[in-house]
Amino acid sequence: MSMIADFYGGKSILITGATGFLGKVLMEKLFRTSPDLRVIYILVRPKAGQTLQQRVFQILNSKLFEKVKEVCPNVHEKIRAISADLNQNDFAISMQDMQELLSYTDIIFHCAATVRFDDHLRHAVQLNVTATQQLLLMASQMPNLKAFIHISTAFSNCNLKHIDEVIYPCPVEPKKIIDSMEWLDDAIIDEITPKLIGDRPNTYTYTKALGEMVVQQESGKLNLAIIRPSIVGATWQEPFPGWVDNVNGPTGLIVAAGKGFLRSIRATPMAVADLIPADIVVNLTLAVGWYTAVHRPKSTLIYHCTSGNLNPCNWGKMGIQVLATFEKIPLERAFRRPKADFTTNNVTTQYWNAVSHRAPAIIYDFYLRLTGRKPRMTKLMNRLLRTLSMLEYFINRSWEWSTYNTEMLMSKLTPEDQRVFNFDVRQLNWLEYIENYVLGVKKYLLKEDMAGIPEAKQHLKRLRNIHYLFNTALFLIAWRLLIARSQVARNVWFFIVSFCYKFLSYFRASSTLKV
Ligand SMILES: CCCCCCCCCCCCCCCCCCCCCCCCCCCC(=O)SCCNC(=O)CCNC(=O)[C@H](O)C(C)(C)COP(=O)(O)OP(=O)(O)OC[C@H]1O[C@@H](n2cnc3c(N)ncnc32)[C@H](O)[C@@H]1OP(=O)(O)O
Ligand SMILES: NC(=O)C1=CN([C@@H]2O[C@H](COP(=O)(O)OP(=O)(O)OC[C@H]3O[C@@H](n4cnc5c(N)ncnc54)[C@H](OP(=O)(O)O)[C@@H]3O)[C@@H](O)[C@H]2O)C=CC1
């Protein structure tokens, strides 16, 4: 029997960010391994034209939850969606709902965040810092609360090269930042943002670091732990390999490479690609929840959920495997054949962006215009280039994260728990994982049918022929222009033609002699 699964039995669990990528995998695992849990409360905001119930229905009816429905047929009754907006005071939760949450919650998993790199500082502070502070305040009023698990990111201190499982203070206190966001106007915030974030690349990593400081400062008598995952990728094993449903992190680039939009990327092939599968993050999170509640460590422990120091892989190897998988299993209706190179400096990056990204987009838009359609490729390409520029920081550097607490926790688990809640990244085979990731992107994110693979391959062959034809035509035009303008080119051309003629005459004569 799994001690961890047993622990969650009968418990009331509160999850924020349950509609997000990680939140859904977390909920799935909880229901599947502890179907006898009392209830999972999820804080959900109503979204464009969808009620709360519709949002929950959509999640529970997705492929991700197919296994859950077998082991926990009454899963609909065990999930309680509470209308909440983490940007509002008291999260805009009704008095009645708040009372229920305060009375019954045993464990909190705080996953909600804005993960956009370019979010305005005011909004990022509101969600990643102030909301965390408010949730901690709520938690302190929960008589039955046994553990509060905060999901941060391994990149909250990406301004450092070696990162330990400790909280590094930011120069300005989170409370001062929260206060100032209330009275400063947007223009001033824009002006001071670069100074505040300092040597971090964006508001996301900065506000996640502030969020950790808030957790430390507001800990009071709470049992807290912080988890820092690196770059979360598709699932490795559970509930099935390759599940992913959004374009964040590498996923969007995998799509862009497979569809032939992304042809070059400024990245360091040897830099460590610190990816971590979503199910490993979730297994560690549940193990931490159990350990924090049962063993009640004296201080707030931080757990790095990273792969680099235990089972490193680099971007070069990953890129090659992504492309190799697209050879076997191509995406449908690609714009160009998947083929991409790493560039390493500004000049080559600008050159390949112009030649491989902008020029084909302009030519395609010209073709769309000619055929009476609306041009769209240049706009799409500009967005891709903007996204690439945001991600570049993370694919041109390597970090070292120590994992003492994570390894300590692994050693505390029974063999059964090590199996059921496996977070040992050393067991992961990267090539197999990447292949399943790419397959998952095709099946679960893009919802492409595997039966369409022969047609997709045929389409790629057509694209290859168009490519050869286009290159030949381009070469002939360039050559024609050159010999019209240059005597040297004309002489070379004359020499080649007469050489070919002589060679052919000799070949014909010698074959006639043989007969
Ligand atoms: C020697 C070897 C040679 C081999 C050659 C191989 C060559 C390479 C082959 C390529 C294969 C790729 C495989 C590996 C690639 C490695 C890249 C990995 C990068 C990973 C970096 C992650 C760093 C994570 C650090 C921190 C982790 C976290 O803690 S948080 C989670 C991460 N958060 C995010 O990822 C959010 C990022 N997104 C944003 O901030 C915003 O979306 C944006 C600022 C990027 C864009 O915002 P904007 O307002 O303009 O538009 P938006 O509406 O949001 O989106 C616009 C369109 O862009 C699409 N989109 C969004 N994100 C991505 C993405 N990550 N990749 C691609 N596309 C993305 C989005 O869908 C929109 O599209 P449309 O709807 O069609 O308009
Ligand atoms: N993905 C990654 O690579 C990594 C993620 N992390 C961390 O993991 C956590 C989860 O990330 P991930 O699942 O990828 O992120 P997602 O963007 O997929 O999910 C974010 C979640 O937060 C919710 N949310 C956002 N704003 C509000 C709001 N105002 N009120 C209520 N809920 C809100 C979203 O709800 P809605 O559905 O309504 O938008 C969604 O459920 C985050 O804390 C992130 O920092 C850490 C390292 C890497």
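Located above this text is the structure these notes cover.
Residues numbered from 1 in each chain as written. Chains lettered and ligands numbered in written order. Predicted model: local features only at pLDDT ≥ 70, side-chain atom pairs only at ≥ 80, totals over all residues. Heavy atoms only, no water.

## As for the overall build of the protein
From N to C terminus, the protein includes 20 helices and 13 strands. The principal-axis extent of the C-alpha atoms belonging to the protein is close to 100 × 55 × 45 Å. In the protein, which comprises 515 residues, the share counted as buried stands at 52%. In the protein, of all internal contacts separated by at least 6 residues, the share reaching a separation of at least 24 is 84%. Approximately 25,400 Å² of the protein is accessible, and the part contributed by carbon and sulfur atoms is 58%. A gap of 12 Å separates the mean positions of the 60 positive and 44 negative side-chain charges of the protein. (Helix = DSSP H or I, 4+ residues; strand = E, 2+ residues; numbered from the N terminus. Buried < 20%, exposed > 50% of the residue type's maximum accessible area, 1.4 Å probe, protein only. Contact = heavy atoms within 4.5 Å. Areas by Shrake-Rupley, 256 points an atom, 1.4 Å probe, with all protein chains shown as cover. Lys, Arg positive; Asp, Glu negative; His and termini not counted. Charge placed at Lys NZ, Arg CZ, Asp CG, Glu CD.)

## Remarks on helix α18 (residues 430–445)
Residues Trp430, Tyr433, Ile434, Tyr437, Val438, Leu439, Gly440, Val441, Lys442, Tyr444 and Leu445 constitute the buried set of α18. Residues of α18 that are buried sit in contact with β8 (231–233), α11 (250–258), β10 (275–277), α13 (315–328) and α19 (453–485). Its side-chain oxygen placed 3.0 Å from the backbone nitrogen of Leu431, Asn429 serves as the N-cap of α18. (Polar contact = N/O pair within 3.5 Å; in protein donor to acceptor, adjacent residues only side chain to side chain.)

## Examining the nonpolar core
If you look at the biggest cluster of nonpolar residues, it comprises 109 residues, and the most contacted ones within it are Ile15, Met27, Phe31, Ile42, Phe109 and Leu409. Ranked by residues supplied to this core, first place goes to helix α12 (residues 278–295) with eleven residues. Setting aside residues up to four positions removed in sequence, Ile15 forms contacts with Leu26, Met27, Leu30, Ile40, Tyr41, Ile42, Leu43, Phe109 and Cys111. Counting 45 residues, the second largest nonpolar core, distinct from the first, contains Ala84, Leu136, Leu184 and Val214. (Core = buried A, V, L, I, M, F, W, Y, C linked by side-chain atoms within 4.5 Å.)

## Notes on the side chain of Ser356
Position of Ser356 among the secondary structure elements: in helix α14 (residues 346–370). When residues no more than four places from it in sequence are discounted, the contact partners of Ser356 are Arg263 and Arg336.

## Some details on the pattern of salt bridges
If you walk through the whole model with that rule in mind, you get 21 salt bridges. In this structure, the salt-bridge partner of Glu218 is Lys175, at a minimum N-O distance of 3.5 Å. Placement of the pair is Glu218 in the loop between α10 (203–217) and β7 (224–229) and Lys175 in helix α8 (residues 174–183), with a sequence separation of 43 residues. Its salt-bridge partner being Glu332, residue Arg333 comes within 3.7 Å of it at the nearest N-O pair. A relative accessible area of 67% means that Arg333 is categorised as exposed. A single network of salt bridges, built from pairs that share partners, joins Glu28, Lys29, Arg32 and Glu238. (Salt bridge = Lys/Arg side-chain N within 4 Å of Asp/Glu carboxyl O.)

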